There are 2 protein chains.
Amino acid sequence: MAADCVYSIIGKKPFDLVIKNVKIINVFTESIVKGDIAVTGDTIAYIGKIDFPCTARREIDGAGRYAVPGLIDAHMHIESSMMAPARFAELILACGTTTVAADPHEIGNVCGAAGVRALAEASANMPLHVLMMAPSTIPSAPGLERSGWSVGAAEMEEMLDIPGVAGLGEVMDFNGVADGDERLLGVVEAARKRGVIMDGHVPALTGARLQAFRSTGVDADHTDMSLPRAREKLAAGFSIQIQNSFLAKDLIEYVDQFPLQDRIMLITDDVPFIELIEHGHLNANVRRAIALGLRPLRAIRYATINAASRLRLYDRGAVSPGYKADILLMKDLEEIKPDMVFSDGQLVAENGRCLVRMERYKFPEEFYHSVHVLPLAAEDFALKTDLPPEAKEALIHVLGCNEVTTRTKNERRWVPVRGGQLDITGLVKVGVIYRHGCGLEKAPGKEVSLGLLAGFPDFQGALASTYAHDSHNLTVYGTDESDMALAANRLIEIGGGLCAVQDGKILAEVPLPVAGVLTEGEVDELKEQFGDFFRAVERVGLRHSHPMMFMTLMTLAVSLEIKCTDMGLVDTLEKKFIPLVVEAR
Amino acid sequence: MAADCVYSIIGKKPFDLVIKNVKIINVFTESIVKGDIAVTGDTIAYIGKIDFPCTARREIDGAGRYAVPGLIDAHMHIESSMMAPARFAELILACGTTTVAADPHEIGNVCGAAGVRALAEASANMPLHVLMMAPSTIPSAPGLERSGWSVGAAEMEEMLDIPGVAGLGEVMDFNGVADGDERLLGVVEAARKRGVIMDGHVPALTGARLQAFRSTGVDADHTDMSLPRAREKLAAGFSIQIQNSFLAKDLIEYVDQFPLQDRIMLITDDVPFIELIEHGHLNANVRRAIALGLRPLRAIRYATINAASRLRLYDRGAVSPGYKADILLMKDLEEIKPDMVFSDGQLVAENGRCLVRMERYKFPEEFYHSVHVLPLAAEDFALKTDLPPEAKEALIHVLGCNEVTTRTKNERRWVPVRGGQLDITGLVKVGVIYRHGCGLEKAPGKEVSLGLLAGFPDFQGALASTYAHDSHNLTVYGTDESDMALAANRLIEIGGGLCAVQDGKILAEVPLPVAGVLTEGEVDELKEQFGDFFRAVERVGLRHSHPMMFMTLMTLAVSLEIKCTDMGLVDTLEKKFIPLVVEAR
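Basis of the calculations
- Residues numbered from 1 in each chain as written.
- Chains lettered and ligands numbered in written order.
- Predicted model: local features only at pLDDT ≥ 70, side-chain atom pairs only at ≥ 80, totals over all residues.
- Heavy atoms only, no water.
- Contact = heavy atoms within 4.5 Å.
- Buried area = accessible area lost by both parts, 1.4 Å probe.
- Salt bridge = Lys/Arg side-chain N within 4 Å of Asp/Glu carboxyl O.
- Helix = DSSP H or I, 4+ residues; strand = E, 2+ residues; numbered from the N terminus.
- Least-squares fit on C-alpha atoms with pLDDT ≥ 70 in both.
- Buried < 20%, exposed > 50% of the residue type's maximum accessible area, 1.4 Å probe, protein only.
- Pairing = 2+ DSSP bridges.
- Axes fitted to C-alpha atoms, helices over the stretch in contact; angles between N-to-C directions.
- Polar contact = N/O pair within 3.5 Å; in protein donor to acceptor, adjacent residues only side chain to side chain.

What about the interface of chain B and chain A?
Every contact between the two is made by 56 residues of chain B and, on the other side, 55 residues of chain A. A buried area of about 4,400 Å², summed over both sides, lies between chain B and chain A, and 57% of it is on carbon and sulfur atoms. Run the count over chain B and chain A and you get two salt bridges. B:Arg301 is paired through a salt bridge with A:Asp262; the nearest N and O atoms lie 3.3 Å apart. Looking at the side of chain B that touches chain A, the elements with two or more residues in it are helix 1 (2-9), strand 3 (43-48), helix 5 (174-179), helix 6 (182-194), helix 7 (207-215), helix 8 (227-235), helix 12 (296-302) and helix 13 (305-310) of chain B.

Section: the relation of the copies chain B and chain A
It takes a turn of 180° to lay chain B on chain A, together with a shift of 0.0 Å along the axis; the resulting RMSD is 0.0 Å. This pairing of chains is accounted for by a two-fold axis. A shared binding surface is used by both copies, with 98% of the interface residues of chain B retained as interface residues in chain A.

Overview of the pattern of salt bridges
All names here are of chain A. Applying the stated rule across the entire model yields 78 salt bridges over all chains. Among the salt bridges present, the one from Glu157 reaches Arg194, with a minimum N-O distance of 2.8 Å. Of this pair, Glu157 sits in helix 4 (residues 153-160) while Arg194 sits in helix 6 (residues 182-194), and the two are 37 residues apart along the sequence. Here Glu157 falls in the partly exposed class, since its relative accessible area comes to 25%. Across the salt bridge formed by Arg360 and Glu520, the nearest N and O atoms sit 3.1 Å from each other. Here Glu520 lies in the loop between strand 26 (505-511) and helix 15 (523-540) and Arg360 lies in the loop between strand 17 (353-354) and strand 18 (393-400), a separation of 160 residues in the sequence. Looking at Arg360, the relative accessible area reads 52%, which means it is exposed.

A look at the pairing of strand 14 (residues 327-330) of chain B
All names here are of chain B. Here strand 14 shows a buried face lined by Ile327 and Leu329 and a second buried face lined by Leu328 and Met330. Relative to strand 14, strand 5 (residues 66-69) runs antiparallel, the two being bridged by four bridges. Within strand 14, the residue paired with Val68 across the bridge is Leu328. By the bridge criterion, four bridges tie strand 14 to strand 15 (residues 338-343) in an arrangement that is antiparallel. Residue pairing in the sheet places Met330 in a bridge with Pro338 of strand 15.

A closer look at the sheet that holds strand 10 (residues 197-200) of chain A
All names here are of chain A. Taken together, five strands build an open sheet; the order of strands is 6-7-8-9-10 and the sheet is parallel. For this open sheet the edge positions go to strand 6 (71-76) and strand 10, each flanked by a neighbour on one side alone. Between one strand axis and the next, the sheet turns through 25° on average, direction left out of account. Bridge count for strand 6 against strand 7 (residues 97-102) is four bridges, and the pairing is parallel. Bridge pairing in strand 7 places Met76 opposite Ala102. Those strands touched by helix 4 are strand 8 (129-134) and strand 9 (165-171), and its axis lies near 140° from that of strand 9. On top of the sheet, helix 6 reaches strand 9 and strand 10; it is set at about 150° to strand 9, its chief contact.

Brief notes about the side chain of B:Thr216
Structurally, the position occupied by B:Thr216 is in the loop between helix 7 and strand 11 (220-221). By relative accessible area, which is 0% here, B:Thr216 ends up buried. In terms of polar contacts, B:Thr216 uses its side chain to reach the backbone carbonyl oxygen of B:Phe213, at 2.7 Å. In contact with B:Thr216, not counting residues within four places along its chain, are A:Ala2, A:Val6, B:Val177, B:Leu185, B:Val188, B:Arg192 and B:Met198.

Describing helix 2 (residues 85-95) of chain A
Residue and element names in this part refer to chain A. Within helix 2, eleven of the eleven residues are buried, which leaves it mostly tucked inside the rest of the structure. For helix 2, the full list of buried residues reads Pro85, Ala86, Arg87, Phe88, Ala89, Glu90, Leu91, Ile92, Leu93, Ala94 and Cys95. Gly96, located one to two residues past helix 2, shows a positive phi value of around 105°.

Encoded structure:
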C-alpha cells in the first residue's frame, strides 16, 4: 500500500525493517549517503539518518557496509545454467541478482509455447523477480535445421499473452530483418503493435542495415560491443547491454565519458553452471567492469536502475523511498559480494547462501520425455559416402576447430580412401539426430546427420548432449561408433543430458531430464556431476578452453563458418547445405 | 508496420518522405549529424547520407536547417490557455510542441469524470499527441470550498479507465499525503496499483516528509525548483520538471553538470493564451534555458527524449530510426522557432501557422450550461456585518495584495464604522458564488461569499470570472455593487467567461462557454477579445503584472496566505475559515 510507508514515517505504524548504519548507494546522484534504511512491507519508506520518532519490527545492524540496489539483469537465459528456475534462483540471489529478464529460447526450441509458459510459471512467485521475454527466432535457421517449434506472428501473439511475458526476446536473425524477411517481420510487428519491450541481437549490421533493423522498433543489443559497434549502436538509439566478453578498457572509457548514461547496462546473457559457481552472476560482470576502470557507482548503476528503466520496472533499481526493498549489503565495492541480500524487504541470502528454499515446479509430464529418438546402433554412426571403389582419395569438408573459440573454419582437405571408405584418422565425428518427435514433425529421430571435426587429435571415445544450440537435437561427438551409440542411447534412456563414454564404458553423465536441457538437481549434486563430466571430457580428449560451449555450439547454423545440424552440413556464411565429400579421385 | 521502413531501405517500397540536407540533432549522443531523413508511413526509417538505391514519394529540401525532435511537454494544463483542444493544438503545433501530457484539472473541477472524458475525446486523433493525466486533487481544499466534483479512489479508478488517460495527475495536497490523509492516499494507491505514471506537486516538503511523499510512488515534481529543492528532489528519485519561472542560472549550471541526465525535463505547466501568442509554448522555455547558458542540445533533450521516457513513449522524442516522424526544421538553435513542423510524418505547420484544421469536438450539451447561479442584485454584494450601531471602528481581515505576485498577506487593519456599516474606502470587494448546481450540491448558487482586497487604490468598476482556481466558482471583483451584479449576471447569461464593467456598462468580455473555462473561438477572435479585456482591466484599475493570474488565484485556498472561496474567507496557512470582522469598538 502506498499509504503504509507514510504511516510508518509519521509513527502510526511500525517499520517492518530498519537497516541501521549503512553507506547507501544513491544511483540517481552517483553518491553515497550514510544513514539507515527503513522499510515498510516490501517498499523502502525512508533512507538517511532516522531523526524522527518511529518504531521498527526488526532492526539489523548494517555495520557500516554498503547498501547497493539488488542487481538487475536485463538480458539472460536461465537455461544456460542448465538448472530449473528454483535452484537457479537460489544460486543467483546469493550472488545479489534480484531481477532478471529471461529469454527461454532453449526450452522454447524444444517445447514451444508450452515451454515458455512452463518456464514462466516455474519462475513466478519467487524472491527472484523474473520477466520472461518471448523467444522470437525459432528455429534459428529455418530450412537448415529442425527444431521442436516454429515461431511466426501467431505464435508470438500466443506467447505475449502468457502471464509474466514482458516482451520480444532477442531477434537473432538480424540479416533476415534487414533483408525484409516477411515471416520474421511479422513476428516483430506482433510485438511492436503491443508496445512491449523488444530485444535484438545484432552482431554484424552497420550503416543502413543497422538502421533498418532499428526501424522495426527493436532497440537493444547485447552482442558485438567492440568500441566502434557500441558507438554506432548508441548513436542509433539502441540500449547497449554489455556482456562479460565485451568488457574492455576502451569501451569502459567511452561509456564512462558518454554524456547520456541511461541506455548503458551490464548483462550476463549466458552463464554456465560452473562459471556461476566459480565467479558468480551479474556481480562478476560488475566486478570486472570496475577492475577495468569503470567507477564503481556507475558500474552499479549499469546493473540496477538502468536495467530497471529498460525493463520498465519503475519501482526497482534504487535504494530510495518508493522503491521495492531489493537491497544488497556488502563490505566493499570492488568485490561486489553481498553478505546479505534482501528481496522485497525479506532477507533471502546471507554470506553466499540462499536462506529461502524455492518450491519445486512440476513441469508437464511430457517435458520429461523429450528425446524422441529410436535406439541407435554403432552402424548408424558409420559414414555412408557412396564412393567409387577405385577412388584413392577424396576432398571433404571438415569443421576446422581450435582450442579457444567456437568459430569453425570451413576447411576442405584431401583424405585417403580405402576400399570405398574414407580414412578419417585424426578427425572426430559429430552426429546429430532430430529428437523432437513431439514437435512439428511427429516421428522419432533415427537418421544420423554426420560431419567431421579437425583439431582434436587426442580424442578417443564419445561425448553426447541433448543441449545443443539452438534446436537441441541429440548430438554426439566421437571416434568410436560403438561408444557414440552407447552415449546416445544412454541419453535417450535418461531423457537427455550430457554423457561421456570411452571403451564401451560410461565415464560420466549429467542428466538434464527437463526437455533435455534442464536439471532439477541440487547445486551440490550438480557440482559433482559437472566435475566428473569435465574430468571425463578431459580424458576423452576434447581439449578446449570452454568444452561445454564447444560441445553445444557445433550445431548452431547461425554461427560461423561451418556447422552440422540434424539435416546436414551447413556452410553458414552461404546459408546452404554442403556435402561431406566434394569429390573423389 | 515494422516492415515498411525496412522495405523502403532495401528499395522494395518508396519512402513516403525524404527531407534532404538537414543538420539532425541526435539526442542520444548530443551531437549533430549532417544528412537526410527518410520516413515511411509515420516512422523514421533512416537518417544520414542516403547512399543506397531508393525512391521517395515526396522530397523536401531542408536547406541546411536543423532537424529537432518534436517537443514533448511532460506536464501541462490545456485549460490554462482557455482554449478548447482543437484550436489549442493548432497553436502549439505551430510552436513545435507535438506531444503533451495534459492534466484536465480545471474542467474536472467543473464537470467531473465527464469533463476528463470529454477533454480526452476532444484531444484524441489530432496531430498533437495528447496523453491525459487524471486530476487527483479535486477539490483542492476539501471543506474549505465547493467544487463540481470530489475525487476519491473510486473516481480515480473511473478516470483511469477512460481511453487516453495515462496516469495520475499532479497530487497537489502534498501535506495531506505526508500527513497520511486516508482518502488522498486511496486515490494515489488506485494509480500505484495500476502501475501508471504518477505526477506530484511538492513545493514545500523536505526531509522525511518529502520522502514520505515519494514513498507512495509519486515520482515527478514541477513546482519549487530553486536549487536546493531541485537537488533534494533529484536525490530522492524524482523526475524534475522545470517550468519557466524556475529557470535560473544556478539551476541550469547544476543540471548541466549533473551526471545522470535522464530525469530532468523542461515543461510549461500553465501558459495563458496571451503568453502563447506572444512568446510561444514549450519552445519558449527551451529558448530561455539556452539563453541562461544550458547547451542547446541538452535543452532540446530535456524537452524531447527525457519527456518521452517519463511518459513511456518509447517511439517518440528522437529523430532516429524507429521513432515516429515528429520533426521540427529550424534555422537556429537559439530561437527554437520551427519553420516546418512534422507530426507522424505529415507536415502540419509552416512558418508559425498550422496547416491542418482540427475538427471541432462537440462537448456534451450540459457543458454549455455550467454556471448555475440565480440572477444577482447589487444588494447581494453588500457586506452584511451585523455590527453594533454604536461601533466606531472595526478590525477586519483583508487580502493584502501587491502588483507582482498572487501571494496575499493575511493583513488585519482597523477601518471606520459609520451607522453600523464598514467604511471600506480604498479596498476592493471580492465576491465568490458557488456555481456547480449540476455537481455534488444540486442547487444553484445565490449566496455571495465576500472578502476585501487591499492594494488596488485605483480600482473602479467590476471584473468577473468563472475561471477561478481551482473550483472555478463565479468570482467578482469590484468597488461598485451594481457593476458587480451586472458583470456576474452577464457571465451567468453567456455561460461563463471573463467580463469587465464600469459605470453600469460592459467594457469587454471573453466568453468561455465550455464549462465556463474554455472557448471554442478562433485564435484571431480570441486575441481581439483578450486585447479588449486587458485594456478594460487597465481602465478598471486592477494594476498587476499578471492580471489574469491574479484574478483567477484569489480563490485558491491552497495558496498563501489568505484567500476567499465560495464558503468564506480562508486562512490558508491554518486551513481554517476566518471572519471578515474580527472585532468592533
